[in-house]
Amino acid sequence: MSQVDSTQTAELTQLSLKALQRGIQSSQFSVMEVTAAYLERIARFDAGLKSYITVTEEQARAQAEVIDNQIRAGELKGALAGIPYALKDLFCTDGILTSCASKMLANFVAPYDAHVTSKLKDAGGVLLGKNNMDEFAMGSSNENSAFAPVQNPWNTDYVPGGSSGGGAAAVAARLAPMVLGTDTGGSIRQPASFCGVTGIKPTYGRVSRFGMIAFASSLDQCGPMAVSAEDCAITLNEIAGFDERDSTSAQVDVPDYTANLNDSIDGLKIGLPQEFFAEGLDQQVAAVIERAVKAFEARGAVIKEVTLPNSHLAVPVYYVVAPAECSSNLSRFDGVRFGHRCDNPQDLNDLYERSRWEGFGDEVKRRIMMGTYALSSGYYDAYYLKAQQVRRLIKQDFVDVFNDVDVIMGPSAPTTAFKLGELVDDQLAMYLADIYTIPTSLAGLPGMSFPIGFADNGLPVGMQLIGNYFEEARMLNIAHQYQQQTDWHLQTPAAFA
Ligand code: GLN
């Protein structure tokens with residue numbers, strides 16, 4: 001293997017996924033060199049950021065060598081041949097730790113691959129490791145990881161957002177060119193916004209959840225985060241599609257998400273929901289959003305104010321539905337079949353109680369208790385059933401709006417990243433970090449976030465784009481058009497240049 005010097009490391013890790021593909025296919029550099037470049041940066045920078053829980057260095061180098069040999073033999077296979085990537089630590093990876101950032105699964109090595117893991121493997125990707133996250137994907141700041149909080153590469157005193165904060169921070173610091181995260185109420189879009197990267201949560205059911213450790217099954221969805229919309233499109237091509245192992249997987253044809261990236265946005269009808277620009281939105285975030293909206297207008301888009309009258313109910317509805325489903329999903333972690341088991345249990349109840357008490361962190365316990373309460377007999381109708389009814393109204397608001405506009409735009413989050421520790425004692429404020437992303441999740445619609453500038457504090461601001469069902473290609477096209485004209489997405493935090 002050729003020695004990689006640090007200039008080349010920096011250069012290789014600045015390349016887009018597309019450029020990496022091209023360079024590898026034309027033998028400009030080898031997969032080994034690219035992989036080594038990323039591993040070297042992870043070794044140099046991640047002690048500070050903690051964006052990875054596991055780095056699969058040996059496997060990555062071995063896999064890179066195999067792919068290099070295939071390329072040399074003229075058997076280049078797969079659209080992502082030789083492209084390094086990382087996975088949120090809740091996607092099962094055969095033979096590699098899948099911890100969900102929880103003590104409960106601190107020793108869990110899955111015996112099989114998640115659907116998306118095997119898809120990226122088949123496409124020739126090189127797994128760099130598993131990203132840090134909020135425990136069981138519950139959180140908005142990554143401070144709920146049982147291992148360590150992740151830091152925001154733009155300013156390490158700040159959170160990267162959550163729950164896919166490890167992956168977002170890794171892309172921002174160029175410790176991976178692409179990662180997969182999950183979004184239940186905003187966990188791809190909000191960290192993408194806080195870290196200045198591009199991320200898309202596809203339509204519910206677009207990507208199989210098989211082998212993805214469940215939080216709230218009617219909301220969970222997997223999606224990519226990368227530097228650009230184009231890189232997300234390349235990745236989505238590989239992971240989207242029907243899978244019979246997930247009963248909620250959609251039987252809808254998968255388009256080529258890269259085919260329409262260059263379509264014109266002239267005449268595009270953009271809806272701005274008045275509720276997303278009301279009280280609670282930071283003034284600077286609002287100003288950056290306004291500037292980006294004007295840029296779309298200048299390119300021929302038609303802006304229309306719209307209303308989502310039930311959106312103020314989304315956060316309360318979510319905090320009934322998500323905990324209820326989590327209490328049911330997490331009941332399998334009982335110290336018997338999976339994960340942590342307490343020492344010397346006195347009897348079966350003691351085994352359950354202490355294993356769960358010791359294995360789960362505070363936020364997970366809080367959610368399990370809220371959810372169990374909401375589902376208990378006598379309360380089910382008042383809470384879970386009522387929440388599902390209101391959820392239906394929230395969805396209908398979007399259906400009505402999409403009769404008039406092609407896409408919806410607004411902030412991904414009400415503020416830029418907040419300081420580490422700032423909201424840990426204020427759960428309500430933490431929950432409100434997802435106020436603009438949760439309505440989309442409840443409706444099952446696709447949403448994405450892409451960087452559109454910075455606030456005075458030097459932290460990135462993300463624009464949220466909400467599309468109609470299965471209109472990911474249109475959304476990626478819109479973000480790509482913006483990224484052809486601007487370079488916000490290409491900026492890197494000074495400390496990680
Ligand atoms: N922050 C939200 C929560 O804590 C969303 C999490 C997610 O999307 N996984 O539930």
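Residues numbered from 1 in each chain as written. Predicted model: local features only at pLDDT ≥ 70, side-chain atom pairs only at ≥ 80, totals over all residues. Heavy atoms only, no water.

Let's shift gears to the overall build of the protein. Summing up its helical and strand segments, the protein has 16 helices and 11 strands in all. For the protein, the C-alpha radius of gyration of 21 Å lies close to 23 Å, the compact-globule estimate for 497 residues. Burial statistics for the protein: of 497 residues in total, 60% are counted as buried. Look at the contacts in the protein between residues 6 or more apart in sequence, and 76% of them connect residues 24 or more apart. Per element, the accessible surface of the protein, about 18,600 Å² overall, is 49% carbon and sulfur. Where the 38 positive side-chain charges of the protein centre and where its 58 negative ones centre are 2 Å apart. (Helix = DSSP H or I, 4+ residues; strand = E, 2+ residues; numbered from the N terminus. Rg over C-alpha atoms; globule rule 2.2 N^0.38 Å. Buried < 20%, exposed > 50% of the residue type's maximum accessible area, 1.4 Å probe, protein only. Contact = heavy atoms within 4.5 Å. Areas by Shrake-Rupley, 256 points an atom, 1.4 Å probe, with all protein chains shown as cover. Lys, Arg positive; Asp, Glu negative; His and termini not counted. Charge placed at Lys NZ, Arg CZ, Asp CG, Glu CD.)

Counted according to the given criterion, the structure contains 15 salt bridges. With a shortest N-O distance of 3.1 Å, aspartate 243 and arginine 245 are connected by a salt bridge. Aspartate 243 sits in the buried class, given a relative accessible area of 6%. A salt bridge links arginine 354 to aspartate 350, with the shortest nitrogen-to-oxygen separation between them at 3.0 Å. Of the two residues, arginine 354 and aspartate 350 are both situated in helix α11 (residues 348-359); the distance of four residues between them amounts to about one turn of the helix. Accessibility expressed as a relative area gives 18% for aspartate 350, which makes it buried. (Salt bridge = Lys/Arg side-chain N within 4 Å of Asp/Glu carboxyl O.)

In terms of burial, helix α6 (residues 165-172) is a largely internal element, eight of the eight residues being buried. Three or more residues of α6 are buried, namely Gly165, Gly166, Gly167, Ala168, Ala169, Ala170, Val171 and Ala172. Structurally, α6 contributes buried residues whose contacts are with α3 (31-49), β1 (52-55), β3 (126-131), β4 (178-183), α7 (189-195) and β6 (221-226). Of the residues one or two after α6, arginine 174 is the one with positive phi, at around 60°.

This brings us to the sheet that holds strand β9 (residues 407-411). Read from one edge to the other, the open sheet built from 11 strands follows the order β1-β3-β2-β4-β6-β5-β10-β11-β9-β7-β8, with strand pairing classed as mixed. Sheet topology places β1 and β8 (302-306) at the edges, where each strand pairs with a single neighbour. Neighbour-to-neighbour, the strand axes of the sheet open up by a mean angle of 30°, direction not taken into account. As defined by bridge partners, strand β2 (residues 84-88) adjoins β4 across two bridges and the pair is classed as parallel. Residue pairing across strands places alanine 86 opposite valine 179, the latter belonging to β4. This element, helix α4 (residues 57-72), spans β1 and β3 of the sheet and lies at about 160° to β3. (Pairing = 2+ DSSP bridges. Axes fitted to C-alpha atoms, helices over the stretch in contact; angles between N-to-C directions.)

At a minimum axis separation of 8 Å, helix α8 (residues 229-239) and helix α16 (residues 472-485) run at an interaxial angle of 150°. Of the possible angle classes, the one that applies to α8 and α16 is roughly antiparallel. Taking contact as the criterion, the partners of Ala229, Glu230, Cys232, Ala233 and Leu236 in α8 are, on α16, Glu472, Leu476, Ala479, His480 and Gln483. Its residues assigned to classes, the contact of α8 with α16 shows six nonpolar, two polar and two charged. (Parallel < 35°, antiparallel > 145°, perpendicular 65-115°, else oblique. Nonpolar A, V, L, I, M, F, W, Y, C, P; charged D, E, K, R; others polar.)

On to the environment of alanine 443. For alanine 443, the location among the structural elements is in helix α15 (residues 438-443). Sequence spacing of alanine 443 and alanine 314 is 129 residues, and the spatial spacing of their C-alpha atoms is 9.8 Å. With near-sequence residues (within four places) excluded, alanine 443 lies in contact with Lys395, Phe398 and Tyr469.

Glancing now at the packing of aromatic side chains. This structure, assessed with the given rule, holds 20 aromatic pairs. Aromatic side chains tyrosine 112 and phenylalanine 210 sit 5.5 Å apart centroid to centroid with 45° between the ring planes, which places their arrangement in the tilted category. Here phenylalanine 210 lies in the loop between β5 (198-201) and β6 and tyrosine 112 lies in the loop between β2 and α5 (115-122), a separation of 98 residues in the sequence. Aromatic ring contacts, followed pair by pair, group Phe108, Phe136, Phe333, Phe338 and Phe360 into a single cluster. (Phe/Tyr/Trp six-rings, centres within 6.5 Å; stacked < 30°, edge-to-face > 60°.)

This part takes up unusual backbone geometry. Between glycine 162 and serine 163 the backbone carries a cis peptide bond, its omega angle lying at 5°. Checked against the element boundaries, serine 163 lands in the loop between β3 and α6. Positive phi values are uncommon outside glycine, yet cysteine 100 reaches one of about 55°. With respect to the secondary-structure elements, cysteine 100 resides in the loop between β2 and α5.

Turning our eyes to something else, we now look at the pairing of β3. Burial within β3 is extensive, with six of its six residues counted as buried. Note that β1 and β3 share three bridges and pair antiparallel. Pairing of tyrosine 52 across the sheet is with asparagine 131, part of β3. Here β2 runs beside β3; their pairing, made up of five bridges, is parallel. Opposite alanine 86, over in β3, you have glycine 129 as the bridge partner.

Taken together, the side chains of Val336, Leu348 and Tyr352 make up a nonpolar region of the molecular surface, amounting to roughly 250 Å² of accessible area. By secondary structure assignment, the location of leucine 348 is in helix α11. (Patch = residues over 30% accessible without salt bridge, like charges linked within 9 Å, V, L, I, M, F, W, Y side chains within 5 Å.)

A few words on the side chain of lysine 365. Residue placement: lysine 365 occurs in helix α12 (residues 362-375). This buried residue, lysine 365, is left without a salt bridge; aspartate 362 holds the nearest opposite charge, at 4.5 Å. At 3.2 Å, the side chain of lysine 365 and the backbone oxygen of phenylalanine 360 are in polar contact. Discounting residues that sit within four places of it in the chain, lysine 365 has contacts with Arg356, Trp357 and Phe360. (Polar contact = N/O pair within 3.5 Å; in protein donor to acceptor, adjacent residues only side chain to side chain.)

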